[in-house]
Amino acid sequence: MTPFQYQVLRYVHDRVTGEFVNVGVVLLAPQERQLRAQMLRKTQRVSRFFHDINGRRLLVTLRDIERQCRAYGQQIEAPLHFEAVESLTAITQQIICPNDAAWQWGPLQRGIAVSLDHSFTDLYGRLVEHYTDEPETPRPTDKDVWRQHYKKYFEKHHLTERLQPRTVATANDRIDFHQTWQNGALHCYEPVTFDLAHAESIKDKMYKWFGKLVELRTSRQELHVYLLTALPPDDRELNDLIRKKLESAAGDNITVDVVTEDRAEAFSRQVRKKMEAHS
């Protein structure tokens, strides 16, 4: 039995959504002094996720990453190479820096193999190639959520002409909101999609928004933030987690409400009544 380590290479197209797709696998067996790497050869899967991707540039980068991995593998296997390599991350972090925005290594994983060849083929098949031919439904962006689910109701109730962009200063940052109005508290309406392909991407985006909302607690401005959301369909448990987590970011100066698509028109009517009462 041979112990081994492996990491998945992810392509992150949009840092805001955190949406990613697995594009390669690297495996290290320290005792056997073997390093294996394989990257995607075609871009169909990635382009189904991200329609504006430059497929040719993507393939060039993947080939370069695979070439670098194999060069390290040849060094490890060389008879005169006496330096022991105990951790795969010592190699992968030299190929791609941990803070690279678009290319990211997944967490280091470990396993035991009867056959390294079979284990590596299985990993690549399960983690990368398995989804290559799976049809993907295009996912809405934050702007799509606004256009498709909320804009028509805001316009129907004559709200959009009364909304203004504002920047809120916090202790450490300045956070922009594109649609706000004020009646004592600053009311902020922000479209956010959580209808992403992977639960991990959804949770990453949830935690990013939670961090932003917590930062807003340090503002001197009284705030009421309404997140106009598109939630993942048919996943009640995950939807409840998103709602509870984000609304728990409320503090002394900030109230947070998660608005769902099915409440879009009723919510717009409520906002109109508040504006009319304020007038």
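Right above here is the structure, for reference.
The notes below deal with the structure included here. What you are looking at is a predicted structure, and each value in this text was computed from that prediction instead of being measured. (Residues numbered from 1 in each chain as written. Predicted model: local features only at pLDDT ≥ 70, side-chain atom pairs only at ≥ 80, totals over all residues. Heavy atoms only, no water.)

1. Some remarks on the nonpolar core
Keep this limit in mind: By nonpolar core is meant a set of buried Ala, Val, Leu, Ile, Met, Phe, Trp, Tyr and Cys residues that side-chain atoms within 4.5 Å join together. Residue exposure (1.4 Å probe, protein chains only): buried if accessible area is under 20% of the type maximum, exposed if over 50%, otherwise partly exposed. Helical segments are the DSSP runs of H or I of at least four residues, strand segments are the runs of E of at least two, and each set is numbered from the N terminus.
One finds F4, L9, V23, V26, L62, I65 and W103 to be the most contacted residues of the largest nonpolar core, which totals 34 residues. At the level of elements, β1 (2-12), β2 (20-29), β3 (34-39), α2 (55-77), α3 (89-95), β4 (103-105) and α4 (116-127) are the ones that each hand at least two residues to this core. Considering every element that reaches this core, the biggest residue donor is β2, with seven residues. Core analysis: the next-biggest nonpolar cluster, separate from the first, contains 25 residues, L186, L223, L238 and V256 among them.

2. Focus: unusual backbone geometry
In the Ramachandran plot, R33 falls in the positive-phi region, its phi being about 55 degrees despite a non-glycine side chain. Within the element layout of this structure, R33 appears in the loop between β2 and β3. Phi at H158 takes a positive value of approximately 60 degrees, unusual for a residue other than glycine. With respect to the element layout, H158 can be found in the loop between α5 (142-156) and β6 (164-169).

3. Some words on the pairing of β6
The line we're drawing: In short, DSSP must find at least two bridges between two strands for them to pair.
Across five bridges, the pairing between β6 and strand β7 (residues 174-183) is antiparallel. Across the sheet, residue R166 finds its bridge partner in β7, namely F177. If you look at the hairpin formed by β6 and β7, you'll find four residues sitting between the two strands.

4. Considering the packing of aromatic side chains
Filter applied, for reference: Any two of the Phe, Tyr and Trp rings considered here, Trp counted by its six-membered ring, make a pair once their centres fall within 6.5 Å; the pair's planes then place it as stacked at under 30 degrees, edge-to-face at over 60, or tilted in between. Only when the NZ of Lys or the CZ of Arg is both within 6 Å of the ring centre and within 35 degrees of the ring normal is a charge said to sit over the ring.
One pass over the full model with this rule turns up eight aromatic pairs. Taking 5.1 Å as the distance between ring centres and 55 degrees as the angle between the ring planes, the aromatic pair formed by Y11 and W103 counts as tilted. Taken together, the positions of Y11 in strand β1 and W103 in strand β4 put the pair 92 residues apart, joining distant regions of the chain. Both residues of the pair, Y11 and W103, belong to the buried class. Positioned over the ring face of F194 is K205, at 6.0 Å from the centre of the ring.

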